[in-house]
Amino acid sequence: MSKITRRQFNKLLGTGIAAIPASVLIAQLPSQAEDLPLVDPESATAKQLQYAAVTPDEGKRCDGCLLYAAADDEKGKCSIFPANLVPAEAWCSAYAPKPA
Ligand code: SF4
């Protein structure tokens, strides 16, 4: 059995990584926002902030809030709920309108 030197190992490793197209590596990365669950209205934070999955006031929706970052047309990220997504039509008492 032949021994492989550190130099040979590094060369093989470098060649192997270079052979994988960047697009394949990127496609393997987990989608950050799309995989998050929606906010549970029964969670402690949601209850504390009177979170509603459908806003009681059509003029105040998550997609009009300063803390909202759209993931797609229907939902987005909110810094109040970093482990979840919020529907665009939701609302909570931390609502802060985006500047006009
Ligand atoms: S702070 Fe409240 S209203 Fe604003 S995006 Fe987050 S959940 Fe929606």
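What counts as what
- Residues numbered from 1 in each chain as written.
- Predicted model: local features only at pLDDT ≥ 70, side-chain atom pairs only at ≥ 80, totals over all residues.
- Heavy atoms only, no water.
- Pairing = 2+ DSSP bridges.
- Helix = DSSP H or I, 4+ residues; strand = E, 2+ residues; numbered from the N terminus.
- Salt bridge = Lys/Arg side-chain N within 4 Å of Asp/Glu carboxyl O.

Q: I tried to follow the pairing of strand β2 (residues 75–78) on my own but got confused; where do I start?
A: If a strand is regular, its side chains alternate between the two faces of the sheet. Where strand β1 (residues 68–70) meets β2, three bridges bridge the pair, whose relative direction is antiparallel. Counted as the bridge partner of A69 is K77 from β2. In sequence, β1 turns back onto β2 through a hairpin of four residues. Strand direction decides the pairing type here: β2 and strand β3 (residues 81–87), joined by four bridges, are antiparallel.

Q: Even after reading the chapter, I still don't get the pattern of salt bridges, so can you show me in this structure?
A: Here the idea is simple: oppositely charged side chains can pair when their charged atoms come close. Counted according to the given criterion, the structure contains four salt bridges. For R61, the salt bridge is made with E58, and the minimal N-O distance between the two is 3.1 Å. Across the salt bridge formed by D63 and R61, the nearest N and O atoms sit 2.9 Å from each other. Taken together, the shared-partner salt bridges in this structure form one network comprising E58, R61 and D63.

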